[in-house]
Structure formats: C-alpha cells, structure tokens
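Summary of structural features
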Amino acid sequence: MSLFDRLILHLDSAPHSGAWNMAVDQAWLESADAPVLRVYDWDQPTVTIGYAQNLAKLGETLPGWPVTRRWTGGGVVLHENDETYSVIVPAGHAWAETRPLD
C-alpha cells in the first residue's frame, strides 16, 4: 500500500544558508497541498534550534556558527557536512494523523 497518493519531491541542488533553508521549509509548510519530501544542503556549518530553545541559556555551549531557529520543536542540531531532509505533511492530509514511529 502506498503511503501517499501524491508526494512532491523537492531536491534542492544548491546549498543555502540556515535562514534560507528554514524559510523554504516554512513556505512549504504554509502552502503545500500534498506531502513534500525536501532534501537540501547547507552553505556553511550552521546550528538550528527548536522553537522552544532558549538561545541565551545555550550561550557558549554552541560553536561560533550562525544560529537559525526552526519552526519545529526539538533541541540543538549541528549541521556541518550533512544532507538534510524535511518531510512536510499538510495538517488536513490523512497521513498527518499517523504516529511518527508508524
């Protein structure tokens, strides 16, 4: 059985800044009418932090890299030489009700 009747595959071939990458994820989140799998790279080492993280409290525990806040929760993620992906599922899509472990 297929998970999706339609899936948008967005392979972003050019590396971008953390702010750009998070803005693209946000734009997909706000506008997608079908699930999106986006694969992308970073143009420099970057730290992303979840929306609930307190940047002031993280202080000197972070490397001296640019820091960008994610729209999602979670903790601190260091992006250096990694390929990153986002799975974006519109709230109205049936798959949005699926538990992550399923």
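As a starting point, this report considers the structure included with it.

Parameters at a glance
Residues numbered from 1 in each chain as written. Predicted model: local features only at pLDDT ≥ 70, side-chain atom pairs only at ≥ 80, totals over all residues. Heavy atoms only, no water. Pairing = 2+ DSSP bridges. Helix = DSSP H or I, 4+ residues; strand = E, 2+ residues; numbered from the N terminus. Axes fitted to C-alpha atoms, helices over the stretch in contact; angles between N-to-C directions. Contact = heavy atoms within 4.5 Å. Buried < 20%, exposed > 50% of the residue type's maximum accessible area, 1.4 Å probe, protein only.

Re the sheet that holds strand β4 (residues 67-69)
Judged by pairing direction, the sheet is mixed, and its 3 strands sit side by side in the order β4-β3-β5 without closing on themselves. Strand pairing shows two members of the sheet lacking a second neighbour, β4 and β5 (76-79), which therefore form its edges. The average undirected angle you get between the axes of adjacent strands in this sheet is 25°. Relative to β5, strand β3 (residues 46-49) runs antiparallel, the two being bridged by 4 bridges. Looking across to β5, one finds that Ile49 is bridged to Val76. Against the sheet, helix α1 (residues 18-31) touches β3 and β4, its axis set at about 15° to β4.

Points about the environment of Arg38
Mapped onto the elements of the fold, Arg38 is located in strand β2 (residues 36-40). Taking the relative accessible area as the measure of exposure, Arg38 reaches 0% and is therefore buried. Along the chain, Arg38 and Ile49 lie 11 residues apart, while their C-alpha atoms are 19 Å from each other. When residues no more than four places from it in sequence are discounted, the contact partners of Arg38 are His10, Asp12, Asn21, Val24, Asp25, Trp28, Thr84, Tyr85 and Ser86.

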